[in-house]
Amino acid sequence: RGRMADLMRLLDDAPQVMNSKDAEAKSAHARKVFTALDRLSEKQMGELVDSIEQDRGDILLKYVYRGLEVSSENNAALFKWQAKLTDKFGVGSIVRVLTDRKTV
């Protein structure tokens, strides 16, 4: 539960980061989110997605897409996050994330 709580705190802090124009602050926060994502098992991934509301889901999806901008060994896990988020929040979540001007 502690790892899930860590990720939830990071998602709660994300709107402040999204409103910033400081690219380094955004990158530092993204690295923390990616570290938190890496620490969760697939079971925890499902539990977390089931427990979050749409706003947090959209923010998390923004980080998933940011992570997919660079090819890495984590891409498979990020695609699993994307699938779980889309299953819960639908295609509308993808549209909201891709059209939102505030980036992570």
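A. Representation of the nonpolar core in the model. Of all hydrophobic cores here, the largest spans 28 residues; its most connected members are Leu 7, Leu 48, Leu 60, Tyr 63, Trp 81 and Leu 85. Elements that contribute at least two residues to this core include exactly α1 (2–18), α2 (23–38), α3 (42–51), α4 (54–68), α5 (75–89) and α6 (91–99). With seven residues, α1 is the largest single contributor of residues to this core. Discounting residues that sit within four places of it in the chain, Leu 60 has contacts with Leu 11, Leu 37, Leu 48, Ile 52, Trp 81 and Leu 85.

B. Summary view of the side chain of Lys 26. Relative to the assigned elements, Lys 26 resides in helix α2. An unpaired buried charge is present at Lys 26: no salt bridge exists, and Asp 22, the closest side chain of opposite charge, is 9.1 Å distant.

C. Structural view of the environment of Asn 75. One can find Asn 75 in helix α5. Residue classification places Asn 75 among the buried positions, given a relative accessible area of 15%. Taking the C-alpha atoms as reference points, Asn 75 and Ala 28, separated by 47 residues in sequence, lie 19 Å from one another. Ignoring sequence-local partners within four residues, the contact set of Asn 75 consists of Gly 67, Leu 68 and Val 70.

D. Spatial organisation of the layout of surface pockets. Looking at the largest pocket, its volume works out to about 200 Å³. Forming the boundary of the largest pocket are 14 residues, of which Phe 34, Gly 67, Ser 72, Asn 74 and Leu 78 lie nearest the centre. Ranked by residue count, the leading element in the lining of the largest pocket is α2, at six residues. Classifying every residue of the lining of the largest pocket by side-chain character gives seven nonpolar, four polar and three charged. Taken as a whole, the second largest pocket encloses approximately 170 Å³ of empty space. Residue lining of the second largest pocket: Lys 62, Tyr 65, Arg 66, Glu 69, Val 97, Leu 98, Asp 100, Lys 102, Thr 103 and Val 104, and that is the complete set. Sorting the residues of the lining of the second largest pocket by element identifies α4 and α6 as the ones contributing at least two each. No other element matches α4, which puts three residues into the lining of the second largest pocket. Broken down by class, the residue content of the lining of the second largest pocket amounts to four nonpolar, one polar and five charged.

E. Expanded view of α4. If you check α4, its first and last C-alpha atoms are 21 Å apart, about what 15 residues at 1.5 Å a residue would give, namely 21 Å. All buried positions along α4 are accounted for by Arg 56, Gly 57, Asp 58, Ile 59, Leu 60, Leu 61, Lys 62, Tyr 63, Val 64 and Gly 67. Against α1, α2, α3, α5 and α6 lie the buried residues of α4.

Rules used in this analysis
- Residues numbered from 1 in each chain as written.
- Predicted model: local features only at pLDDT ≥ 70, side-chain atom pairs only at ≥ 80, totals over all residues.
- Heavy atoms only, no water.
- Core = buried A, V, L, I, M, F, W, Y, C linked by side-chain atoms within 4.5 Å.
- Buried < 20%, exposed > 50% of the residue type's maximum accessible area, 1.4 Å probe, protein only.
- Helix = DSSP H or I, 4+ residues; strand = E, 2+ residues; numbered from the N terminus.
- Contact = heavy atoms within 4.5 Å.
- Lys, Arg positive; Asp, Glu negative; His and termini not counted.
- Salt bridge = Lys/Arg side-chain N within 4 Å of Asp/Glu carboxyl O.
- 1 Å grid on protein atoms, 1.4 Å probe; cavity = no way out; pocket = protein on both sides within 12 Å on 5 of 7 lines; lining within 4 Å.
- Points joined across faces, edges and corners; volume = space filled by probe spheres on them.
- Nonpolar A, V, L, I, M, F, W, Y, C, P; charged D, E, K, R; others polar.
- Expected span 1.5 Å × (residues − 1).

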